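One-letter residues, chain by chain:
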Amino acid sequence: KQTSRARRGSYHHTNTVVTLARSSEQVSELLAKAGMFDFDALEFASKDQVKGHCIGIMGAELERNKNIFYGLDEADMITDQRQFHSLFLSFLGKLDMLYKPDAVYHGSAHAVDVMSTATWFMSSATMVNLCTAVDDFMVVIAAAIHDVGHPGVNNLMLQKTMDPIAIRYND
């Protein structure tokens, strides 16, 4: 019961953050371009109403405007739409916490940029003909998680600074 309660709390928190962010005219104008090639992820992530929650807000917006859940129920992926939406927002809210805030390039703003760009790419005629609803949804998830926990440096930097992880995996 505690876990279920914690999940609901996480969902409600993320849902409240999404609602507050959408109430900002500036954020709404930026979100109008979510899923388009010219979406400005850095500007979006810099807004006070978005900071620390940009992945959850972007995921909620892609679901709302790009219908990224469409077809998942037909593929027997979703039995309860409301519960799935709740778990989805909770998951994205957790991702927002797992990205390192000091990883400038590999941070949550980059994840949001990749989520938007991947959604744009998946809307091309070729991809629409080749991919299923599950593919479309998994591309958004993959884009959201692809750099979770990334330290923000490359292998050469780790090697030159004799970082313990570089030493550990040297061979």
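To be clear, the structure that these remarks concern was listed above.
Residues numbered from 1 in each chain as written. Predicted model: local features only at pLDDT ≥ 70, side-chain atom pairs only at ≥ 80, totals over all residues. Heavy atoms only, no water.

1. Points about the overall build of the chain
The number of helices and strands found in the chain is ten helices and zero strands. Reading the secondary structure of the chain in the N-to-C direction produces α-α-α-α-α-α-α-α-α-α. The C-alpha radius of gyration computed for the chain amounts to 17 Å, which stays within 12% of the reference 16 Å derived for 171 residues, consistent with globular compactness. Along the three orthogonal principal directions, the C-alpha set of the chain runs to about 50 × 40 × 40 Å. Buried positions account for 37% of the 171 residues belonging to the chain. When contacts within the chain are restricted to residue pairs at least 6 apart in sequence, those whose partners lie at least 24 apart make up 70%. Put simply, the chain shows about 10,600 Å² of open surface, and 55% of that area lies on carbon and sulfur atoms. Side chains of the chain give 15 positive and 20 negative charges; the mean places of these two sets differ by 9 Å. (Helix = DSSP H or I, 4+ residues; strand = E, 2+ residues; numbered from the N terminus. Rg over C-alpha atoms; globule rule 2.2 N^0.38 Å. Buried < 20%, exposed > 50% of the residue type's maximum accessible area, 1.4 Å probe, protein only. Contact = heavy atoms within 4.5 Å. Areas by Shrake-Rupley, 256 points an atom, 1.4 Å probe, with all protein chains shown as cover. Lys, Arg positive; Asp, Glu negative; His and termini not counted. Charge placed at Lys NZ, Arg CZ, Asp CG, Glu CD.)

2. Brief notes about the packing of aromatic side chains
Applying the stated criterion across every chain yields a total of seven aromatic pairs. With a centroid separation of 5.0 Å and 80° between ring planes, the pair formed by Phe69 and Phe88 is classed as edge-to-face. With a gap of 19 residues between them, Phe69 in the loop between α4 (54–66) and α5 (81–98) and Phe88 in helix α5 connect regions that are remote in the sequence. Overall, Phe88 belongs to the buried group, its relative accessible area being 4%. (Phe/Tyr/Trp six-rings, centres within 6.5 Å; stacked < 30°, edge-to-face > 60°.)

3. Details of the pattern of salt bridges
Considering all chains together, one arrives at five salt bridges under this definition. Put simply, Lys33 and Asp38 hold a salt bridge, and the shortest N to O gap is 3.0 Å. What makes Lys33 partly exposed here is its relative accessible area of 37%. Given the relative accessible area of 46%, Asp38 is considered partly exposed. The closest approach of N and O atoms between Glu61 and Arg64, which form a salt bridge, is 3.5 Å. (Salt bridge = Lys/Arg side-chain N within 4 Å of Asp/Glu carboxyl O.)

4. Quick notes on the packing of α5 against helix α8 (residues 133–145)
Their axes nearest at 10 Å, the elements α5 and α8 cross at an angle of 25°. Considering their axes alone, α5 and α8 lie roughly parallel with respect to each other. When you trace α5 past α8, the crossing you get is left-handed. When α5 is examined against α8, the residues Phe84, Phe88, Phe91, Leu92 and Leu95 are found in contact with a partner set consisting of Phe137, Ile141, Ala144 and Ile145. Tallied by class, the residues present in the contact of α5 with α8 amount to nine nonpolar, no polar and no charged. (Axes fitted to C-alpha atoms, helices over the stretch in contact; angles between N-to-C directions. Parallel < 35°, antiparallel > 145°, perpendicular 65-115°, else oblique. Left-handed = near helix turned anticlockwise from the far one by under 90°. Nonpolar A, V, L, I, M, F, W, Y, C, P; charged D, E, K, R; others polar.)

5. A few points about the nonpolar core
If you look at the biggest cluster of nonpolar residues, it comprises 38 residues, and the most contacted ones within it are Phe44 and Ile55. For this core, the secondary structure elements donating two or more residues are α1 (2–22), α2 (25–31), α3 (41–46), α4, α5, α6 (108–122) and α8. Among the elements that make up this core, the one with the highest residue count is α4 (six residues). (Core = buried A, V, L, I, M, F, W, Y, C linked by side-chain atoms within 4.5 Å.)

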